[in-house]
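Listed below are the residues making up each chain.
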Amino acid sequence: MKPFGEKPRIAVHKFSSCDGCQLAFLNLGGDLITLSQRVQLTHFLEAGLDAPDTPVDIAFVEGSLSTPDEVERIRKVRDNSRYLVSIGACATAGGLQALRNLDNKHDEWRDAIYAQPEFISTLEHAHPIASEVRVDYELWGCPINSRQLLACINSLLFGVPPFDNSEKLCLECKRQQKVCVMVTEDKPCLGPVTRTGCGALCPSFGRDCYGCYGPSENTNTASLSRRFAGIGLLPDAIARRFLLINSASPAFNEAGLAVRAAGEEKDGQ
Amino acid sequence: MREAVDTPGFLPMERFQQLLDLLSQSGYRCVAPQVKDSALLFETIEHINALPRGIEQTQAPGHYRLQQTDSPRHFSWANGPQALKPLTFAPRENLWYSEVTADGGLRFREAPTETEPLAVIGVRSCDLAALKLQEQHFQGGQVDPYFLARRQRLFLVAISCTHPADTCFCAATGDGPEVRNDFDISLYETDRGYFVSAGSINGEKIVQRLSLETGDPKAFSQARKEVADSAARQSRQLPGENLQHSLFTNLDHPRWQEVAERCLSCGNCTQVCPTCFCHSENDVPDVSGVKTGHERQWDSCFSPGHSYLHGITLRQETSQRYRQWLTHKFGSWHEQYGRSGCVGCGRCIAWCPVGIDPTEELAAICSPSTGKAD
């Protein structure tokens, strides 16, 4: 990797999203001041910086591509950035918006929700950033956290590729000595197929993981689905576990649709 | 037939607090199993009221439940998800720090080791056997100072098991259920109290100061019989003592593929295993960009990094990862440490989210009747 200049420039762009991932910057608190001594933030609307077209070393992109003008805008961002890093479930997998991809009822939903749908211009499907432009690195999560962000920035500043940690959440859960909620309480935890990074947040509070960090490497969703059925979940409930925040990520999409199809076949009999 | 032994002194239930008090006066923080988040976990304890009095448990593949009973006993259960491992081999710790100095050089600092004296109450014989294996690994050749410091601060109050779980098979591995050595204090529990004996000089110092009654030989023999009976109740077996040959002559057995269809490769079995020692190390720079900590954390043969070499993960398939775990634990461990790496605690069975039971897999792979795959 070629080294950066004296004070690398960073932009934070927003597409279709809730703005939550950008908070990973603001939540750094005092560390954001320290970081700003090492880098120059040029564009970051949530922090009051408005210069979207300034060329930068690293562009962080939040949100999915959900409207025709976003498709145009992401190309400009790509052209103006040396590295492009997608942050969060929307940018990396289409996010919650991609739920509309599942039923192909874009127009019906739009007309039912908006009083004057003629003013709404959206794409039929919501897409991840990588569907349109080259993405150099991805930070998964809904939302991502400051720890992930800092590790990514540090690596890039040190001139090494950021470590892509795709191991399962279970390993982190056990390192923290949390008790498995599936084994003790039959809760349908997605930890065994979900990418690490959140710090085992939900299991720390006795909750089952709902997969907001997306699929891990080497997922065995079929086995986990059978286990969920074994603890009493009906096919539709199992499908909904997978088809939620990261419904458009290939591993969860296939898993959810497979369970749904099997359930419908059974109902039809 | 059991060997004749002297009857140890007896500490009535109502005086059990004395043990905690004496340990605490001697400078130890005490930890004991307590009910937390639907399981038994080692937590700091000051009063015996916090012990799991009357708690019993049901363990099965992928299943762990506690039940409250009227029993006056504190140790009527087999184990929780933790062994001694997290106390000696930390799930995550800094090994050293480095920092860029004003003249552009690098300065390294050692991370401080853990030295707080810690008394662990209610250690099982399987966990003592596992500790011994961890000692072989971390202290056998190159001594790991972090492990050593954590190990040396421990005072072990062990207890013989009377209530094995359905998942237990320590009798098959020869590691339990009776506590025989490697402890500071050993206990046998009855409805009325504890038979107490010392196994070390430090243990003797504490035992001498306890207000013990003279032990009744008949009651002691009954207590030991309960332990022996609990061994007889264990139903899980291993297909042999040393499976190295049968495992390594069955590397292409179809069962590896079958188990991979169920296995999540989540690594839970290796994380609750009291002898697994795999770890990874990585650097965690802080926001300043001039300071970094070098961290060590538990890892697993089920993670992609375990077989990562020069840009390629060698064991991509779950069948390969499962085979690695079993062939090492029950096979090549013999070569490495002179025995199998399994102490029969059964945690890998209960804490597997999909309930895979290695004793079943081993029986299928190693049993002569199934033989090799053609």
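Procedures and definitions
Residues numbered from 1 in each chain as written. Chains lettered and ligands numbered in written order. Predicted model: local features only at pLDDT ≥ 70, side-chain atom pairs only at ≥ 80, totals over all residues. Heavy atoms only, no water. Helix = DSSP H or I, 4+ residues; strand = E, 2+ residues; numbered from the N terminus. Rg over C-alpha atoms; globule rule 2.2 N^0.38 Å. Buried < 20%, exposed > 50% of the residue type's maximum accessible area, 1.4 Å probe, protein only. Contact = heavy atoms within 4.5 Å. Lys, Arg positive; Asp, Glu negative; His and termini not counted. Charge placed at Lys NZ, Arg CZ, Asp CG, Glu CD. Axes fitted to C-alpha atoms, helices over the stretch in contact; angles between N-to-C directions. Parallel < 35°, antiparallel > 145°, perpendicular 65-115°, else oblique. Nonpolar A, V, L, I, M, F, W, Y, C, P; charged D, E, K, R; others polar. Pairing = 2+ DSSP bridges. Expected span 1.5 Å × (residues − 1). Domains from an automatic or database assignment. Buried area = accessible area lost by both parts, 1.4 Å probe. Salt bridge = Lys/Arg side-chain N within 4 Å of Asp/Glu carboxyl O. Polar contact = N/O pair within 3.5 Å; in protein donor to acceptor, adjacent residues only side chain to side chain. UniProt positions renumbered as here; feature names shortened; annotations may be inferred. Phe/Tyr/Trp six-rings, centres within 6.5 Å; stacked < 30°, edge-to-face > 60°. Lys NZ or Arg CZ within 6 Å of the ring centre and 35° of its normal.

This next bit is on the overall build of chain A. Each helix and strand counted, chain A has 13 helices and five strands in total. Over its C-alpha atoms chain A spans a radius of gyration of 20 Å, differing by no more than 12% from the 18 Å that the globule rule assigns to 269 residues. Summarising its shape, the C-alpha atoms of chain A cover approximately 65 × 55 × 30 Å along the three principal directions. Across the 269 residues in chain A, those meeting the buried criterion constitute 52%. In chain A, the share of contacts with a sequence separation of at least 24, taken over all contacts with a separation of at least 6, comes to 74%. Each charge class in chain A can be summarised by its mean position, and for the 28 positive and 33 negative side chains these summaries are 6 Å apart.

Let us now look at the packing of helix 9 (residues 255–262) of chain B against helix 11 (residues 318–337) of chain B. Residues and elements named next belong to chain B. The interhelical angle for the contact between helix 9 and helix 11, taken along N-to-C directions, is 110 degrees, at an axis separation of 8 Å. In terms of orientation, helix 9 lies roughly perpendicular with respect to helix 11. Counted together, Trp 256, Gln 257, Val 259 and Ala 260 of helix 9 and Thr 318, Ser 319, Tyr 322, Arg 323, Leu 326 and Thr 327 of helix 11 form the full contact between these two elements. Per-class residue counts for the contact of helix 9 with helix 11 are five nonpolar, four polar and one charged.

Turning to the pairing of strand 4 (residues 81–87) of chain A, a few remarks are in order. All names here are of chain A. Judged by how many residues are buried, strand 4 sits mostly within the fold: six of seven residues are covered. The pairing of strand 3 (residues 56–62) with strand 4 spans six bridges and is classified as parallel. Its bridge partner lying in strand 4, Val 61 is registered against Ser 86. Here strand 4 pairs with strand 5 (residues 137–139) via three bridges, running parallel. Looking at the pairing, Ile 87 lines up with Leu 139 of strand 5.

What follows is about the pairing of strand 2 (residues 29–36) of chain B. Residue and element names in this part refer to chain B. Pairing between strand 2 and strand 8 (residues 118–123): three bridges, direction parallel. Counterpart to Val 31 in the pairing with strand 8 is Val 120. Pairing analysis gives six bridges linking strand 2 to strand 3 (residues 39–44), with the strands arranged antiparallel. When the sheet's bridge partners are listed, Val 35 is paired in strand 3 with Leu 40. Between strand 2 and strand 3, which follow one another and run antiparallel, lie two residues, and Asp 37 among them has a positive phi close to 50 degrees.

Here we come to helix 3 (residues 125–139) of chain B. Since there are 3.6 residues in each turn of an α-helix, residues three or four apart along the chain are aligned in direction. Residue and element names in this part refer to chain B. Compared with an ideal rise of 1.5 Å per residue, which puts 15 residues at 21 Å, helix 3 spans 20 Å between its outermost C-alpha atoms and is within 8% of the ideal. Of all the 15 residues making up helix 3, eleven are buried; the element is thus mostly covered by neighbouring parts of the structure. For helix 3, the full list of buried residues reads Ser 125, Cys 126, Asp 127, Leu 128, Ala 129, Ala 130, Leu 131, Leu 133, Gln 134, Glu 135 and Phe 138.

Here we take up the sheet that holds strand 1 (residues 9–12) of chain B. Residue and element names in this part refer to chain B. Here we have seven strands laid out as an open sheet, ordered 1-11-10-9-8-2-3, and mixed in their pairing. Each edge of the open sheet carries a strand with a single partner, namely strand 1 and strand 3. Between one strand axis and the next, the sheet turns through 30 degrees on average, direction left out of account. Here strand 1 pairs with strand 11 (residues 193–198) via four bridges, running antiparallel. Across the sheet, Leu 11 pairs through a bridge with Tyr 194, a residue of strand 11.

Moving on to the domain arrangement of chain B. Residue and element names in this part refer to chain B. Partitioning chain B into structural domains gives domain 1 (9–90 + 113–232) and domain 2 (244–284 + 299–365). Relative placement of domain 1 and domain 2: their C-alpha centres are 28 Å apart. Taking both partners together, domain 1 and domain 2 bury about 2,200 Å²; carbon and sulfur atoms supply 61% of that area. Inspection of the region where domain 1 meets domain 2 yields two salt bridges. For the salt bridge of Asp 175 with Arg 339, the shortest nitrogen-to-oxygen distance reads 2.8 Å. Summed over the shared surface of domain 1 and domain 2, the number is 18 residue pairs in polar contact (both at pLDDT 80 or more). Mapped onto the side of domain 1 that touches domain 2, the elements with two or more residues apiece are strand 4 (55–60), strand 5 (63–68), helix 3 and helix 5 (170–173). By residue number, the principal contributor to the side of domain 1 that touches domain 2 is helix 3, which donates nine residues. A breakdown of the residues in the side of domain 1 that touches domain 2 according to their chemical character gives 15 nonpolar, eleven polar and three charged.

Here the UniProt-annotated "domain: NADH:ubiquinone oxidoreductase-like 20kDa subunit" (unreviewed entry) positions come out as residues 18–155 of chain A. In residues 18–155 of chain A, the share of helix is 38% and the share of strand is 16%. The end C-alpha atoms are 27 Å apart.

What follows concerns the sheet that holds strand 12 (residues 279–285) of chain B. Residues and elements named next belong to chain B. The strand order across the open sheet built from four strands is 7-6-13-12, with neighbouring strands paired in antiparallel fashion. Only two strands of the sheet have a single partner each, and these edge strands are strand 7 (106–110) and strand 12. In this sheet, neighbouring strand axes are inclined to one another by 25 degrees on average, regardless of whether the strands run parallel or antiparallel. Two elements, strand 6 (residues 92–100) and strand 7, share five bridges in a ladder whose sense is antiparallel. Bridging from a neighbouring strand, Glu 99 pairs with Arg 107 of strand 7.

Once that is clear, we can look at helix 4 (residues 145–152) of chain B. When we look at burial in helix 4 of chain B, the residues that qualify are Tyr 146, Phe 147, Ala 149, Arg 150 and Arg 151 of chain B. Backbone nitrogen of Tyr 146 of chain B and a side-chain oxygen of the N-cap are separated by 3.0 Å at the start of helix 4 of chain B; the cap is Asp 144 of chain B.

Before going further, it helps to spend a moment on the interface of chain A and chain B. Every contact between the two is made by 31 residues of chain A and, on the other side, 44 residues of chain B. Interface area lost by chain A to chain B is led by Arg 175, Gln 177 and Val 183 of chain A, which between them contribute 22%. Taken together, the links from chain A to chain B amount to three salt bridges. Between Arg 321 of chain B and Glu 217 of chain A there is a salt bridge; the shortest N-O distance is 2.9 Å. Applying the counting criterion to the chain A and chain B interface returns 24 residue pairs in polar contact (both at pLDDT 80 or more). Of all elements in the fold, only helix 2 (30–38), helix 7 (146–158), helix 8 (169–175), helix 9 (181–185) and helix 11 (221–230) of chain A reach the threshold of two or more residues within the side of chain A that touches chain B.

Right, let's get into the packing of aromatic side chains. All names here are of chain B. Within this structure, the stated rule accounts for 24 aromatic pairs over all chains. One aromatic cluster is present, formed by Phe 10, Tyr 188, Phe 195 and Phe 220 through successive ring pairs. In this arrangement the basic side chain of Lys 85 is found over the ring face of Trp 298, its NZ or CZ atom lying 4.6 Å from the centre. The cationic tip of Arg 124 hangs over the ring face of Trp 77; the distance from NZ or CZ to the ring centre is 4.5 Å.

What follows covers the domain arrangement of chain A. Residue and element names in this part refer to chain A. We note that the domain assignment places domain 1 (9–158) and domain 2 (169–268) within chain A. Just the C-alpha atoms count here: the centres of domain 1 and domain 2 sit 26 Å apart. Each partner contributes residues to the interface: domain 1 has 16 residues there, and domain 2 has 18 residues. The junction of domain 1 with domain 2 conceals about 1,200 Å² of combined surface from both sides, 57% of it contributed by carbon and sulfur atoms.

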